[in-house]
Each structure stands twice: as structure tokens, then as C-alpha cells.
Amino acid sequence: MSTTVVRERGEVGVGRLPGAWGLGQRRGALEIRQFFRQRDQVVFTFAFPVVLLFLFASIFRDDVEGAGVTASQLYVPAMMAAGIMSTSFQALGISIAIERQDKVLRRLRGTPMPPAAYFLGKIWLVLFTGALETVILVVGTTCYGVDLPADAGRWFDLVWIFVLGITACALLGIAISSVPDSANSAGSVVVLPFLVLQFISGVYIAIGTIPDWMLTIGALFPLKWMCQGLRGVFLPESAQVLEQAGSWESGRVALVLAAWCVGGLALCLLTFRWKDRRTG
């Protein structure tokens, strides 16, 4: 993309405008600044998973028979996965729906900015907030007897689970933002499925106590696999017996999350709208 510019000597030349990648970085910086200006949103986003972890891990502290871990230790990776999905799926699903109703998207679409730059800005936002949320929860693991990964392999697992998981959830958040008829209903439309997924994916309830048919439904979505992958990062090998398959299934975790990245992108391309239904 190029534009005509006037140089100091009055000569007319052609200058190149920033591409989608450069504009996406600038858009991401703007999104992060706007996020931190909304103090109530910042507090809720980062405090909610931490408070839930404190409550559940403090209430349920008994040893899990045959697993070599306590119930509170099981909640650490589960809440970490829920925090990642909260800062991506839930945050984007609601915020984009609000921007669409306020005609922010419509105005952006009418500018020379490539559409990809807008989405890159959102991805930078969720990567930043998701990483910060994860760091907070990782630091808090020591309060509940969960050891940090002792080898490079597990740290690598944490990184790819985070990247694939937050990418998949962010794309799903962008896709579901087109479902609400208005910004007023966006919270209900986005929060309800997220809440249900947390119950059937092993966040609030141990995998062994969830009915098989619910586990089957939960296995269709990224959250269950993020929880399972993060348990493999932070819990001892003896805890594998608690999983539905009796192992961490790292390869399957990577495959499912990668598939959701591709599927989420396809959903975005098929469903995303720059205008709300009322204005066409």
C-alpha cells in the first residue's frame, strides 16, 4: 500500500504506509493502554481466577487417594487454564460485541487500515493479559504445595499449551462476538457457555466425578485439553491416574488445540460481522 507524499523540496514522491503487521503492533499497544485505563475491568480480569483459586484450594485440601496430590493442587492448573480462557474467549467475545454496537468496527472498516491489523491488535492484547494472568497464578502455585517445573521440557510444554490455548480461545471469542444481537446480551451469550465448560472440563469438579457424557462434550472444546495439559506440567506423574485416559496425552492435547486454532480461524472468516444486524 502506498500514498503520495510531499518532500521538503516540494517534490512529489511515493511513500509506503505501514503494513498489517506494523499497524497490528501499534493497534495492540493501543488496546493494552485502553484496557489498563478501565480499572474495574483490570481488577476483575486478574482477580477473579486468583480469588476462585484461593477459595477452592482453601476449602478442598484433602489428599486424593492413589494420586499423590491434594485436591487444592488439582485446582492450580485448572484455574490457570480458566484464567487463560477468561482473558481471551470471554474478554474478546464481550468487548468486540460492544465495539460493534458502538459502531467502532464500522468506522475502523472505513479507514485504510487493513482488517488484519485490527485482529492482530486483539491478539497482542490477549497474549499480554493472558501471559500476565498466567505469571500471577504460577507465582501463586507455591502457596498450595505445587512445585514449579523442574526441567526445560515442562517449561516448553507450558509455553506451547499457553500459545495454542490462548490462540484457539481468542479466535473462538472473536467468532462468538457475532452471536449476540446487542451489547446488552453479550455478557449472557458469552459467559453462559464458558461457565458450563468450566464445570464439564475439570475446572471446578474433578474429572473422575463428571459423567462420561459430559466429559465427551467437554472434550470437544479447548478448555478440557488446556486443563489436562497444564496438569501434566505442574503435577507429578502419579496424578495421571486421575485422567480419563490414565495419562497426560500431550500429543493429543497439542493436536486438539492446534485443530481449534484452524477451526477457530475458519469460524471467524465465516461469521465475523463489522456491522450489527440492526444496521445491516
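Residues numbered from 1 in each chain as written. Predicted model: local features only at pLDDT ≥ 70, side-chain atom pairs only at ≥ 80, totals over all residues. Heavy atoms only, no water.

1. As for the overall build of the protein chain
A tally of helices and strands in the protein chain yields 10 helices and 4 strands. For the protein chain, the sequential pattern of α-helices and β-strands runs β-β-α-α-β-β-α-α-α-α-α-α-α-α. In terms of overall dimensions, the protein chain has C-alpha extents of about 80 × 45 × 35 Å along its principal axes. A total of 280 residues make up the protein chain; the buried ones form 46% of that total. Taking the intrachain contacts of the protein chain between residues at least 6 apart in sequence as the baseline, contacts between residues at least 24 apart amount to 74%. Carbon and sulfur atoms provide 65% of the accessible area of the protein chain, an area that totals close to 14,100 Å². (Helix = DSSP H or I, 4+ residues; strand = E, 2+ residues; numbered from the N terminus. Buried < 20%, exposed > 50% of the residue type's maximum accessible area, 1.4 Å probe, protein only. Contact = heavy atoms within 4.5 Å. Areas by Shrake-Rupley, 256 points an atom, 1.4 Å probe, with all protein chains shown as cover.)

2. A look at the side chain of E249
Considering the arrangement of structural elements, one finds E249 in the loop between α9 (222-234) and α10 (250-271). Engagement of the side chain of E249 in a polar contact is seen with the side chain of Q228, the distance being 3.1 Å. Beyond its immediate sequence surroundings of up to four residues, E249 is in contact with W225 and Q228. (Polar contact = N/O pair within 3.5 Å; in protein donor to acceptor, adjacent residues only side chain to side chain.)

3. Structural notes on a positive patch on the surface
A surface patch of positive charge is lined by K103, R106, R107 and K275. In this fold, K275 is placed in the segment after α10. (Patch = residues over 30% accessible without salt bridge, like charges linked within 9 Å, V, L, I, M, F, W, Y side chains within 5 Å. Salt bridge = Lys/Arg side-chain N within 4 Å of Asp/Glu carboxyl O. Lys, Arg positive; Asp, Glu negative; His and termini not counted. Charge placed at Lys NZ, Arg CZ, Asp CG, Glu CD.)

4. A closer look at the pattern of salt bridges
Applying the stated rule across the entire model yields 6 salt bridges. Taking the shortest distance from any N to any O, the salt bridge between K122 and E31 comes out at 3.2 Å. In this pair, K122 is assigned in helix α5 (residues 115-140) and E31 in helix α1 (residues 20-37), connecting sequence segments 91 residues apart. Summarising the burial analysis for this pair, K122 and E31 share the class buried. R252 is paired through a salt bridge with E249; the nearest N and O atoms lie 3.3 Å apart.

5. So, the packing of aromatic side chains
Enumeration according to the criterion identifies 18 aromatic pairs in this entry. Measuring from centroid to centroid gives 5.2 Å for F56 and Y204, while their planes differ by 15°, and the two rings are stacked. Highlighted residues: F56 in helix α2 (residues 39-59) and Y204 in the loop between α7 (183-200) and α8 (212-218), separated in sequence by 148 residues. Summarising the aromatic geometry, the rings of F199 and Y204 are spaced 5.0 Å apart at their centres and angled 65° between planes, so their arrangement reads as edge-to-face. The partly exposed category is assigned to F199, whose relative accessible area is 38%. Here Y204 falls in the buried class, since its relative accessible area comes to 9%. One aromatic cluster is present, built from ring pairs that chain together F56, F60, Y75, F199 and Y204. Just above the ring of F272 sits the side chain of R100; from NZ or CZ to the centre is 5.2 Å. The ring of W225 carries the charged tip of K224 above its face, separated from the ring centre by 3.8 Å. (Phe/Tyr/Trp six-rings, centres within 6.5 Å; stacked < 30°, edge-to-face > 60°. Lys NZ or Arg CZ within 6 Å of the ring centre and 35° of its normal.)

6. Things to note about a nonpolar patch on the surface
Together, F36, V50, F128, L132 and I136 give the surface a local cluster of nonpolar side chains, amounting to about 360 Å² of exposed area. Examining the composition of the nonpolar patch, we find that 3 residues originate from one element, α5, more than from any other. Mapped onto the secondary structure, I136 falls in helix α5.

7. Description of the environment of I217
Mapping I217 onto the fold places it in helix α8. Residue I217 is classed as partly exposed on the basis of its relative accessible area of 36%. The spatial distance from the C-alpha of I217 to the C-alpha of Q41 is 31 Å, given a sequence separation of 176 residues.

8. A closer look at the packing of helix α3 (residues 71-101) against helix α6 (residues 152-176)
The N-to-C vectors of α3 and α6 enclose an angle of 25°; their axes lie 7 Å apart at closest approach. As judged from the angle between their axes, α3 and α6 are roughly parallel. Judged by the sense of rotation from one axis to the other, the crossing of α3 with α6 is right-handed. For the pair α3 and α6, contact is made by M80, I84, M85, T87, S88, F89, L92, G93 and I96 and by L158, F162, I166, C169, A170, L172, G173, I174 and I176, respectively. Grouping the constituent residues of the contact of α3 with α6 by class yields 14 nonpolar, 4 polar and no charged. (Axes fitted to C-alpha atoms, helices over the stretch in contact; angles between N-to-C directions. Parallel < 35°, antiparallel > 145°, perpendicular 65-115°, else oblique. Left-handed = near helix turned anticlockwise from the far one by under 90°. Nonpolar A, V, L, I, M, F, W, Y, C, P; charged D, E, K, R; others polar.)

In short, shape yes, function no, at least from these values alone.
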